[in-house]
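So you can see what is in the structure, the chains are spelled out below.
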Amino acid sequence: MPSSMRWNKPNLRNNLHDLLGRDKPSSTAWVRDQGLEDVRRAMLQSLAGLTGCEVARMNMRLRYAGDIEALWYLRTDLFSTLVPLQGEHGARGVIDQVTQLFQGQLPRALRPAQAAPHTPS
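To keep things clear, this report deals only with the structure shown in the data block. The model shown is predicted, which means the values in this text are computed figures rather than measured ones. (Residues numbered from 1 in each chain as written. Predicted model: local features only at pLDDT ≥ 70, side-chain atom pairs only at ≥ 80, totals over all residues. Heavy atoms only, no water.)

### Structural notes on the overall build of the chain
Move 1: The helix and strand tally for the chain stands at 4 helices and 0 strands.
Move 2: In sequence order, the secondary structure elements of the chain are arranged as α-α-α-α.
Move 3: Residue burial in the chain is summarised as follows: out of 121 residues, 24% are buried.
Move 4: Taking all contacts inside the chain whose residues are at least 6 apart in sequence as the whole, residues at least 24 apart take part in 58%.
Move 5: Surface accessibility of the chain: about 9300 Å² in total, with carbon and sulfur atoms responsible for 55%. (Helix = DSSP H or I, 4+ residues; strand = E, 2+ residues; numbered from the N terminus. Buried < 20%, exposed > 50% of the residue type's maximum accessible area, 1.4 Å probe, protein only. Contact = heavy atoms within 4.5 Å. Areas by Shrake-Rupley, 256 points an atom, 1.4 Å probe, with all protein chains shown as cover.)

Written out as structure tokens, the structure reads:
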């Protein structure tokens, strides 16, 4: 049998990979990764046009953050980087916009607390 015809023949290894879900991106993983990159892009965009050692360092940290949780925790560092360059009001606006992008992407433990709805007595 030619080796070129064997590529689609099922074997134990392929079956195990199918069971474990390896080598096949799931649709939810793609959406999650896309959300991660949208947040990363917005955070990096907030540094566009700014210069300095702290900006360069923050840029690298954002680029190499491995997951959405890492980006979540980098918000405070991004704020600290932006305050001397844009003022507290400008930095707060950036962080507020970025924080909205995390909606639906964080584990429950990291989600911002939401105010309880007011019920009239």
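### Quick look at the nonpolar core
Move 1: In terms of nonpolar packing, the biggest core is built from 22 residues, with Met43, Leu47, Leu62, Leu71, Leu74, Leu78 and Phe102 touching the most fellow members.
Move 2: At the level of elements, helix H2 (27-45), helix H3 (53-64) and helix H4 (68-101) are the ones that each hand at least two residues to this core.
Move 3: At 11 residues, H4 tops the list of elements feeding residues into this core.
Move 4: Setting aside its immediate chain neighbours within four residues, methionine 43 contacts Leu62, Leu71, Leu74, Arg75, Leu78, Val98 and Phe102. (Core = buried A, V, L, I, M, F, W, Y, C linked by side-chain atoms within 4.5 Å.)

### What about the pattern of salt bridges?
Move 1: Using the criterion set out here, one finds 4 salt bridges in the structure.
Move 2: Between arginine 57 and glutamate 54 there is a salt bridge, with its nearest N and O atoms 2.5 Å apart. Note that arginine 57 and glutamate 54 are positioned in helix H3 at a spacing of 3 residues, about one turn of the helix.
Move 3: Of the residues examined, arginine 57 reaches a relative accessible area of 44% and is grouped as partly exposed. (Salt bridge = Lys/Arg side-chain N within 4 Å of Asp/Glu carboxyl O.)

### Regarding the environment of arginine 75
Move 1: Relative to the assigned elements, arginine 75 resides in helix H4.
Move 2: A relative accessible area of 15% means that arginine 75 is categorised as buried.
Move 3: Linking arginine 75 and aspartate 96, residues 21 residues apart in sequence, is a C-alpha distance of 9.7 Å.
Move 4: Not counting residues within four places of it along the chain, the set of residues in contact with arginine 75 comprises Met43, Ile95, Val98, Thr99 and Phe102.

### A few points about the side chain of threonine 81
Move 1: The residue threonine 81 is located in helix H4 in this model.
Move 2: The buried category is assigned to threonine 81, whose relative accessible area is 10%.
Move 3: Among the polar contacts made by the side chain of threonine 81, one reaches the main-chain carbonyl oxygen of aspartate 77 at a distance of 2.9 Å.
Move 4: Excluding its chain neighbours within four sequence positions, the residues that come into contact with threonine 81 are Leu47, Glu54, Val55 and Met58. (Polar contact = N/O pair within 3.5 Å; in protein donor to acceptor, adjacent residues only side chain to side chain.)

### Some thoughts on H3
Move 1: For H3, with 12 residues, the first-to-last C-alpha span of 17 Å sits near the 16 Å given by 1.5 Å per residue.
Move 2: Buried residues of H3: Val55, Met58 and Leu62, and no others. The buried residues of H3 occupy one face: seen down the axis, they fall within an arc of 65°. Among the exposed residues of H3, those oriented more than 90 degrees off its buried face are Cys53 and Tyr64. (Expected span 1.5 Å × (residues − 1). Arc of directions from axis to C-beta.)

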